[in-house]
Amino acid sequence: MGHGIKCIGMLTSGGDAPGMNAAIRSVTRAAIFNNIRVKAIYRGYKGLITGEIKEFQTQNVSNIIQQGGTILKSARCAEFRTPEGRQLAYENLVKEEIDALVVIGGDGTFTGARLFSQEYDVPIVGLPGTIDNDLFGTDSTIGYDTALNTIIDAVDKIRDTASSHERLFFIEVMGRDAGFLALNSALASGAEAAIIPERETKVDQLEELIKNGFRKSKNSSIVIVSESEVTGGANGLAERMRREHPEYDVRVSILGHIQRGGSPTAYDRIIASRMGVAAIDALMDGLRNIMIGIVNNEIVHVPLAKAIKDDKPVNEQLLGVVQILSI
Ligand code: F6P
């Protein structure tokens, strides 16, 4: 074995995302297929610090490809942000004879991985696991497609009651500071508008749009709003609308953590499975401190620093499509 990697550690960290289990399965089986041992680290970086580590065989990942969440558990770990925490983590890696790490998570997970690899000589490969889709260098993150479908399912249901009661609904979706979920769910659910942090909200225009809709044939309206201080969230917009247009029967629905759960879609299972195998290939090829992405259906390697720092742009033209189709 020219690559010198005999044992990898694997963890999930940050907000969980549907498809993480498919990724865990893939990493485990691809490693074992290549005669590399696999150690599962529980509760993200926290488990690396406390030594919650268990060797996995192929059967440890049986029957999980269809499950939401993560069998490894997840956590956001403040201690790993300190040099002392990272030193304890490194000591456990040495003790467990782990030569390289595969970390599955988002922005925070990769930021921790980068710091760790700068301080200690540990090859790390990241898999993008977050519903927010906010990592640069991949068309889609693991979990995004499932979350999008969950949102659409919920919006379709809300539309039934919105229409029965002739109401205006502001529906808040997750995304941290990225508008991918809001924009594409608005498009796919036929909403009147998407309010995203990347584009300043012209509330007057929004009012006009809703007014026109009601004036014509529409008896209800749905606006999808990204959670964010920039957008003010669904409650912020609803308050303003109630104040300025008491004639509308306004309701707010915040979808919340329902968006993070559920069985992953076929798409998320497929990209997670492909990315897991690619992570092991990359480590065997001597690559380190990269994220695996998929762009135009091809596996790509993106430096962790780029994946975190470079802004992945939302396609703002889609806002125009939403608007055209909402007349
Ligand atoms: O990053 C994923 C995400 O679900 C964001 O969309 C959201 O802002 C955040 O995590 C919520 O985190 P928590 O579950 O810790 O409240």
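Below, the structure is looked at part by part. Residue positions are counted from 1 within each chain, in the order its sequence is given. With the structure being a predicted model, the display of local features is reserved for residues of pLDDT at least 70 and the display and counting of side-chain atom pairs for 80 or more, all residues being used for whole-chain, interface and lining totals. Values shown for side chains rest on all heavy atoms present in the structure; no hydrogens or waters enter the calculation.

1. A word on the packing of aromatic side chains
Think of it this way: a Phe, Tyr or Trp ring, Trp meaning its six-membered ring, pairs with another when their centres are within 6.5 Å, and the plane angle makes it stacked under 30 degrees, edge-to-face over 60, tilted otherwise. Summed over the entire model, instances satisfying the criterion amount to four aromatic pairs. Aromatic side chains Phe 80 and Phe 116 sit 5.3 Å apart centroid to centroid with 55° between the ring planes, which places their arrangement in the tilted category. Here Phe 116 lies in helix 4 (residues 107–119) and Phe 80 lies in the loop between strand 3 (53–56) and helix 3 (83–95), a separation of 36 residues in the sequence. We note that Phe 80, like Phe 116, is buried. For the ring pair Tyr 90 and Tyr 120, a centre distance of 4.4 Å and an interplane angle of 15° mean the geometry is stacked. Of the two residues, Tyr 90 sits in helix 3 while Tyr 120 sits in the loop between helix 4 and strand 5 (124–128), which places them 30 residues apart along the sequence. A network of ring pairs unites the aromatic residues Tyr 45, Phe 80, Tyr 90, Phe 116 and Tyr 120 as a single cluster. Each helix is a run of DSSP H or I of at least 4 residues and each strand a run of E of at least 2, with the numbering of both proceeding from the N terminus. Burial here depends on accessible area, computed with a 1.4 Å probe over protein chains only, as a share of the maximum for the residue type. Under 20% is buried, over 50% is exposed, and the range in between is partly exposed.

2. Overview of the sheet that holds strand 7 (residues 193–195)
Sheet strands pair via backbone hydrogen bonds, and the direction of the pair is either parallel or antiparallel. Taking strand neighbours across the sheet as the criterion, the four strands line up as 7-8-6-9 in an open arrangement whose pairing is parallel. Strand pairing shows two members of the sheet lacking a second neighbour, strand 7 and strand 9 (250–254), which therefore form its edges. Between one strand axis and the next, the sheet turns by 20° as a mean value, whatever way the strands run. Of the pairings in the sheet, the one linking strand 7 to strand 8 (residues 221–226) comprises three bridges and is parallel in character. The residue of strand 8 that forms the bridge with Ala 194 is Ile 224. Here, a strand pair is defined by DSSP locating no fewer than two bridges between the strands. For every element, the axis is a line fit to its C-alpha atoms; helices are fit only across the contacting stretch, and the angle between N-to-C directions ranges from 0 to 180 degrees.

3. Structural notes on the site of the ligand
Residues are classed as near a molecule or strand on a simple rule: at least one heavy atom within 4 Å of it. Every residue lining the ligand is accounted for by Arg 76, Ile 131, Asp 132, Met 174, Gly 175, Arg 176, Glu 227, His 257 and Arg 260. Two N or O atoms form a polar contact when they lie within 3.5 Å of each other; inside protein one atom must be a possible hydrogen donor and the other a possible acceptor, and for residues adjacent in sequence the pair counts only when both atoms belong to side chains. With respect to the ligand, the side chain of Arg 176 contributes an N or O atom lying 3.3 Å from an oxygen atom. Glu 227 places a side-chain nitrogen or oxygen 2.5 Å from an oxygen atom of the ligand. Here the term charged refers only to Asp, Glu, Lys and Arg, the term nonpolar to Ala, Val, Leu, Ile, Met, Phe, Trp, Tyr, Cys and Pro, and the term polar to all other amino acids, Gly among them. In terms of residue class, the shell around the ligand is made up of two nonpolar, two polar and five charged. Two domains each provide a minimum of three residues to the shell around the ligand, namely domain 1 (2–143 + 264–309) and domain 2 (145–260). What marks off one domain from the next here is an automatic or database domain assignment.

4. Here's the deal with unusual backbone geometry
Unlike most non-glycine residues, Asn 35 shows phi in positive territory, near 60°. Along the chain, Asn 35 falls in the loop between helix 1 (20–33) and strand 2 (37–41). A residue is classified by how much of its surface remains accessible, and Asn 35, at 62% relative accessible area, is exposed. Phi is positive for Asn 133, which is not a glycine, with a value near 60°. With respect to the helices, strands and loops of the structure, Asn 133 is situated in the loop between strand 5 and helix 5 (144–165).

5. Side note on helix 11 (residues 317–325)
For helix 11, the full list of buried residues reads Leu 318, Leu 319 and Val 322. Viewed along the axis of helix 11, the buried residues span an arc of 110°, placing them on a single side of the element. Facing away from the buried side of helix 11 by over 90 degrees, the exposed positions are Gln 317 and Ile 324. Any two residues whose heavy atoms approach within 4.5 Å are treated as being in contact. Considering only its buried residues, helix 11 is in contact with helix 6 (180–189) and strand 7. The directions from the helix axis to the C-beta atoms form the arc being described.

6. Thoughts on the pattern of salt bridges
Every case where a carboxyl oxygen of Asp or Glu lies within 4 Å of a side-chain nitrogen of Lys or Arg is listed as a salt bridge. This model, assessed by the stated rule, comprises 12 salt bridges. As a salt-bridge pair, Asp 121 and Arg 288 come within 2.8 Å of each other at their nearest N and O atoms. Of the two residues, Asp 121 sits in the loop between helix 4 and strand 5 while Arg 288 sits in the loop between helix 9 (266–284) and strand 10 (290–295), which places them 167 residues apart along the sequence. Relative accessible area serves as the criterion here: at 63%, Asp 121 is assigned to the exposed category. For Lys 306, the salt bridge goes to Asp 310, with nearest N and O atoms at 2.9 Å. Of the residues examined, Lys 306 reaches a relative accessible area of 37% and is grouped as partly exposed. A cluster of three or more residues bridged by salt bridges with shared partners is formed by Arg 167, Asp 249 and Arg 251.

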